[in-house]
Amino acid sequence: MAKISFGGVEENVVTREEFTLEHAREVLKDETIAIIGYGIQGPGQGLNLRDNGFNVIVGQREGKSYDKALEDGWVPGETLFSIEEACKRGTVIEYLISDAAQIQQWPTVKKYLTPGKALYFSHGFAITYKDRTGVIPPADVDVIMVAPKGSGTSLRRLFVEGRGVNSSYAVYQDATGKALERTLALGIGIGSGYLFETDFKREVYSDLTGERGTLMGAIQGILLAQYETLREHGHTPSEAFNETVEELTQSLMPLFAEKGMDWMYANCSTTAQRGALDWMGPFHDATKPVFEKLYQSVASGNEAQISIDSNSKPGYREGLNKELEALRNSEMWRTGAEVRALRPEKQEKK
């Protein structure tokens, strides 16, 4: 484990050079890793582990996700089982179903948490809010986490490309004395770029804030506000979308992902540079109170309770689908579909 300075603050970091894939295989050579749930994270983590030579099985109820597991080569009765059977067979149980489903399935999963097993999460929700979720593991199992900082789709795609998504890791309960080794081995096994240390509470607080903030909630709100402003002042949908979304995602994001926003500021036109520097402050000052309010809502458990309550309401799925449909059918994202179809690479494939 190395100490690396991030902006002058030292953190514990584990790299693939330090904790090799060969060592990870040695640590887990006698383990059976049961992937519970084949929805968002399950396919990426399961396939990466399988391709890296680990002993992996999947537990999934029949339905679309089960059919996806079949398509991905998991074999019923050999590597694909019911949730109950996979939990029984697994020595490491990767609990990768949704937060709401984790609450519902917990009585089933808990039955198979015999002494010495490891209960693995990729999100700190169920444990951090255990008083609300009821997910309280027995004292004689390891409780660990590896949380990729990206979707399961990205985890798999970057793995196939020979790259990786960075992940945080944490040990909540070390019953066997080997919880940390198990955690790091699993983190390397799923194809993490590097691993940085956290705890369950910090992971869920940062994750819920990020999802509601710059990763999804805030970015959609800001994009829509700018798009609407341009449209209200007579700009066409195509012009408004290109200036709001397309240039950001297709031109600028790849550059500041590669080189950083500081590089972007130093390498744009003088007009853009001056304007960005002048308006950075007002946008910061306008949004900082919103982010603080958001963080306090996460820290108080309010956001967790909203999520738990919403998923248990009758008709929630139907209402959710209507909200998602409204977003998809908004002028901005209908325009986006047309703009994406006109990208040169799309035209070349026709």
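Residues numbered from 1 in each chain as written. Predicted model: local features only at pLDDT ≥ 70, side-chain atom pairs only at ≥ 80, totals over all residues. Heavy atoms only, no water.

Novice: Can you lay out the pattern of salt bridges for me, pointing to particular residues and giving the numbers?
Specialist: Summed over the entire model, instances satisfying the criterion amount to 17 salt bridges. Here E211 makes a salt bridge to R212, at a shortest N to O gap of 3.6 Å. Residue R212 is classed as partly exposed on the basis of its relative accessible area of 29%. Put simply, R231 and E331 hold a salt bridge, and the shortest N to O gap is 2.6 Å. In this pair, R231 is assigned in helix α11 (residues 217-232) and E331 in helix α17 (residues 331-341), connecting sequence segments 100 residues apart. (Salt bridge = Lys/Arg side-chain N within 4 Å of Asp/Glu carboxyl O. Buried < 20%, exposed > 50% of the residue type's maximum accessible area, 1.4 Å probe, protein only. Helix = DSSP H or I, 4+ residues; strand = E, 2+ residues; numbered from the N terminus.)

Novice: Please set out helix α2 (residues 42-51) residue by residue, giving values where relevant.
Specialist: Most of α2 sits inside the fold, with eight of its 10 residues counted as buried. Of all the residues in α2, the buried ones are G42, P43, G44, Q45, G46, L47, N48 and L49. Immediately beyond the C-terminal end of α2, within one or two residues, lies G53, with a positive phi of roughly 95°.

Novice: Talk me through the sheet that holds strand β9 (residues 165-173); I want residue IDs and the actual numbers.
Specialist: Taking strand neighbours across the sheet as the criterion, the 10 strands line up as β1-β2-β10-β9-β8-β7-β6-β3-β4-β5 in an open arrangement whose pairing is mixed. This sheet does not close on itself; its edge strands, each paired only once, are β1 (2-6) and β5 (80-81). Here strand β3 (residues 33-36) pairs with strand β4 (residues 56-59) via four bridges, running parallel. The residue bridging I33 from the neighbouring strand is V56, located in β4. This element, α2, spans β3, β4, β6 (92-95), β7 (118-121) and β8 (142-148) of the sheet and lies at about 160° to β3. (Pairing = 2+ DSSP bridges. Contact = heavy atoms within 4.5 Å. Axes fitted to C-alpha atoms, helices over the stretch in contact; angles between N-to-C directions.)

Novice: Summarise helix α14 (residues 270-299); cite the residues concerned and give the values.
Specialist: For α14, built from 30 residues, the straight-helix expectation of 44 Å at 1.5 Å per residue is met to within 8% by its first-to-last C-alpha distance of 41 Å. Maximal helix bending in α14 amounts to about 30°, located at T287; proline P289 follows within four positions. Taken as a whole, α14 has its buried residues at L294, S297 and V298. Once α14 ends, the next one or two residues include G301, with phi positive near 90°. (Expected span 1.5 Å × (residues − 1). Bend = angle between axes of the 7 residues up to and from the residue.)

Novice: So, the nonpolar core: which residues are in play, and what are the values?
Specialist: In terms of nonpolar packing, the biggest core is built from 30 residues, with I33, W74 and Y120 touching the most fellow members. At the level of secondary structure, the elements contributing two or more residues to this core comprise β3, α2, β4, α3 (64-71), β7, β8 and α9 (179-189). The element contributing the most residues to this core is α9, with five residues. Not counting residues within four places of it along the chain, the set of residues in contact with W74 comprises Y38, G46, L47, R50, V56, V58, A69, T79 and L80. (Core = buried A, V, L, I, M, F, W, Y, C linked by side-chain atoms within 4.5 Å.)

Novice: Kindly report on a nonpolar patch on the surface, identifying the contributing residues and their values.
Specialist: Taken together, the side chains of M1, V171 and L180 make up a nonpolar region of the molecular surface, amounting to roughly 230 Å² of accessible area. Position of M1 among the secondary structure elements: in the segment before β1. (Patch = residues over 30% accessible without salt bridge, like charges linked within 9 Å, V, L, I, M, F, W, Y side chains within 5 Å. Areas by Shrake-Rupley, 256 points an atom, 1.4 Å probe, with all protein chains shown as cover.)

Novice: Help me get a handle on the packing of helix α10 (residues 200-212) against α14, residues and values and all.
Specialist: The interhelical angle for the contact between α10 and α14, taken along N-to-C directions, is 135°, at an axis separation of 9 Å. Between α10 and α14, the crossing angle belongs to the class labelled oblique. α14 is crossed by α10, and the crossing has right-handed handedness. Of α14, the residues touching α10 (which contributes V204, Y205, L208, T209 and R212) are L294, Y295, V298 and A299. Its residues placed into classes, the contact of α10 with α14 shows seven nonpolar, one polar and one charged. (Parallel < 35°, antiparallel > 145°, perpendicular 65-115°, else oblique. Left-handed = near helix turned anticlockwise from the far one by under 90°. Nonpolar A, V, L, I, M, F, W, Y, C, P; charged D, E, K, R; others polar.)

Novice: Which residues make up the environment of G234, and what values do they have?
Specialist: Topologically, G234 is positioned in the loop between α11 and α12 (237-259). A relative accessible area of 64% places G234 in the exposed class. When the C-alpha positions of G234 and R212 are compared, they lie 31 Å apart, and in sequence the two are 22 residues distant.

Novice: Please give an account of the pairing of β9 that cites residues and values.
Specialist: Inspection of the sheet shows β8 paired to β9 by six bridges, in the antiparallel sense. Note that in β9 the partner of V146 across the bridge is Y169. Note that β9 and strand β10 (residues 192-197) share four bridges and pair parallel. Bridge pairing links V165 to S192 in β10.

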